[in-house]
Amino acid sequence: MPPASFYMVKKMKKQIPIILLALFVIFISGCKGIKQQHINAKIDPEIFGYQNSYNDFFFETGDGCYYLNTFNNKIYFSERGQHTFYLLCAKPDCSHTGTDCNAYGGYALGYFDGHIYTVCLLEKNNDADSDFYLIEMNPDGTEHKEIARLPSITTQTGASAAGMSEYYFHKGYLYMTLGPFTNLEPDASVRFYRIDLKTGDIERLFEDAIPEHAQSLNRTSFFDDTVYLILRDYTSGKCGVWEASVTDGTLRKLTIPWTVGSTRVTKFGDTLYYYLNGTGYCEYNLTADEQRVPLPADYAYTETVYTEDFIFSQTADDADGGGTAFQVFSRDYRELAAMPLTRVGLNTPLFCYTGTDTLWFSLNDGKLFAYLDLSEIGSDDIKLTVMDDPYDSRKILS
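None of these values were measured; they are calculated from a predicted model.

**Focus: the overall build of the chain**
Here's step 1: The helix and strand inventory of the chain stands at one helix and 29 strands.
Here's step 2: Of the contacts formed within the chain by residues at least 6 apart in sequence, a portion of 41% connects residues at least 24 apart.
Here's step 3: Of the roughly 19300 Å² that the chain leaves accessible, carbon and sulfur atoms contribute 50%.

Next comes the structure, spelled out in structure tokens:
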């Protein structure tokens with residue numbers, strides 16, 4: 001009779017495949033959970049946080065994704081579940097070159113209550129009326145309607161200086177900065193306005209609270225009725241993060257040692273999250289007024305986005321784009337995936353937008369050219385998929 005140990009080993013051999021199968025099922029379920037988590041994620045196009053690029057604009061609705069190419073001032077659309085973008089214009093015989101094109105989006109793009117909103121420079125018959133306007137249109141690009149003429153300053157050449165502004169859409173409002181134009185207004189500070197998307201009513205915010213000589217650094221972020229401003233004193237060069245209340249108009253300077261090259265802040269609960277240039281991935285507790293650095297790093301460049309589940313980060317080792325890579329971290333800073341980003345011609349792919357189940361990348365012409373399917377996170381080899389070129393026109397929503 002074989003020894004008892006023989007039966008124990010034989011029993012273990014039978015159990016090992018079962019254990020491995022169970023672990024495999026758990027692993028597959030976990031990967032599926034990652035994808036499903038994003039497919040079901042609430043991407044609210046009316047909330048600023050999902051327009052995450054510093055220079056371009058993007059939002060996602062139940063019909064699909066929209067983005068504004070600020071190189072040609074045109075809006076592009078991709079239907080839900082598709083990865084090809086088309087010019088948002090179906091006008092017969094449209095040349096797609098002028099401001100009368102349905103896809104003309106000007107300098108900003110947002111969404112609220114079933115309508116698209118843009119900021120456009122319109123030339124009028126009366127030169128005095130030529131200026132920047134808030135425009136409302138249908139989701140298919142039709143029926144452009146002027147909502148408000150935006151605040152501006154006349155430069156020494158007689159041109160409107162509103163185009164040197166920052167624009168942000170959030171919960172039914174367009175927020176914009178204006179100035180300061182130091183050659184026109186010595187000792188001036190940035191102006192901050194809020195425009196109602198439905199009524200066109202214009203309100204100036206924080207007029208008595210913004211410090212002297214302050215300019216905005218295009219890193220503003222919004223969370224409910226709280227605004228986080230990155231301001232720079234243009235006389236001293238010093239930067240700071242300010243917490244501003246839209247409700248009562250107050251500002252509070254935080255003790256974050258923000259430096260040029262750092263990202264805008266993202267807020268979850270009572271904590272701010274951001275990448276601080278020369279320091280790493282940081283967290284700032286608003287209650288304790290303290291910063292900690294859970295993941296030290298020092299890159300020459302980074303574009304980092306925080307979501308409820310992940311941290312997406314494009315980095316470069318030097319100012320010329322050497323060693324460019326894209327990384328995905330869990331919220332506790334474990335690396336889940338990484339890939340190098342190699343040049344396409346003379347340009348390196350740039351991480352631009354975060355969708356429910358897709359990350360979008362562009363080249364240096366503002367046009368989206370590739371994407372990363374979030375279902376690949378957790379696999380050993382993530383890679384970009386190059387998209388088809390957009391067509392000139394197409395009927396969008398029937």
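**Considerations on the pattern of salt bridges**
Here's step 1: Tallied over the entire structure, the rule returns 10 salt bridges.
Here's step 2: Several salt bridges converge on common partners, so that one network encompasses Asp 113, Glu 136 and Lys 198.

**Side note on the packing of aromatic side chains**
Here's step 1: Per the counting criterion, the structure on display carries 27 aromatic pairs.
Here's step 2: Consider the rings of Tyr 67 and Phe 85, whose centres lie 5.1 Å apart with planes at 80°: the pair is edge-to-face. Note that Tyr 67 is positioned in strand E2 (residues 64–69) and Phe 85 in the loop between strand E3 (74–79) and strand E4 (86–87), a separation of 18 residues in sequence. In this pair, the class of Tyr 67 matches that of Phe 85, namely buried.
Here's step 3: Seen from their ring centres, Tyr 168 and Phe 222 are 5.6 Å apart, and the 50° between their planes marks the pair as tilted. Here the residue Tyr 168 occupies a position in strand E9 (residues 167–170), and Phe 222 occupies one in strand E14 (residues 221–223), the gap between them amounting to 54 residues.

**Things to note about the sheet that holds strand E18 (residues 266–268)**
For sheets, the rule is that strands pair by backbone hydrogen bonds, running either parallel or antiparallel.
Here's step 1: Read from one edge of the open sheet, four strands run E18-E19-E20-E21, paired in antiparallel fashion. Each having just a single partner strand, E18 and strand E21 (290–296) make up the two edges of the open sheet. In this sheet, neighbouring strand axes are inclined to one another by 25° on average, regardless of whether the strands run parallel or antiparallel.
Here's step 2: Of the pairings in the sheet, the one linking E18 to strand E19 (residues 271–276) comprises three bridges and is antiparallel in character. Bridging across to E19, Lys 267 finds its partner in Leu 272.

**With respect to the pairing of strand E10 (residues 173–178)**
Here's step 1: Among the six residues that make up E10, five are buried, leaving the element largely enclosed by the rest of the structure.
Here's step 2: The turn linking E9 back onto E10 is made up of two residues, and Lys 171 within it adopts a positive phi angle of 50°.
Here's step 3: Note that E10 and strand E11 (residues 191–196) share six bridges and pair antiparallel. Across the sheet, Leu 178 pairs through a bridge with Arg 191, a residue of E11.

**What about the environment of Asn 72?**
Here's step 1: Structurally, the position occupied by Asn 72 is in the loop between E2 and E3.
Here's step 2: For Asn 72, a relative accessible area of 29% translates into the label partly exposed.
Here's step 3: Remark: the alpha-carbon pair of Asn 72 and Lys 367, spanning 295 residues in sequence, is separated by 9.3 Å.
Here's step 4: Of note is the side chain of Asn 72, whose polar atom sits 3.0 Å from the backbone nitrogen of Lys 74.

Calculation rules
Residues numbered from 1 in each chain as written. Predicted model: local features only at pLDDT ≥ 70, side-chain atom pairs only at ≥ 80, totals over all residues. Heavy atoms only, no water. Helix = DSSP H or I, 4+ residues; strand = E, 2+ residues; numbered from the N terminus. Contact = heavy atoms within 4.5 Å. Areas by Shrake-Rupley, 256 points an atom, 1.4 Å probe, with all protein chains shown as cover. Salt bridge = Lys/Arg side-chain N within 4 Å of Asp/Glu carboxyl O. Phe/Tyr/Trp six-rings, centres within 6.5 Å; stacked < 30°, edge-to-face > 60°. Buried < 20%, exposed > 50% of the residue type's maximum accessible area, 1.4 Å probe, protein only. Pairing = 2+ DSSP bridges. Axes fitted to C-alpha atoms, helices over the stretch in contact; angles between N-to-C directions. Polar contact = N/O pair within 3.5 Å; in protein donor to acceptor, adjacent residues only side chain to side chain.

The values reported here are purely geometric and, on their own, carry no functional implication.
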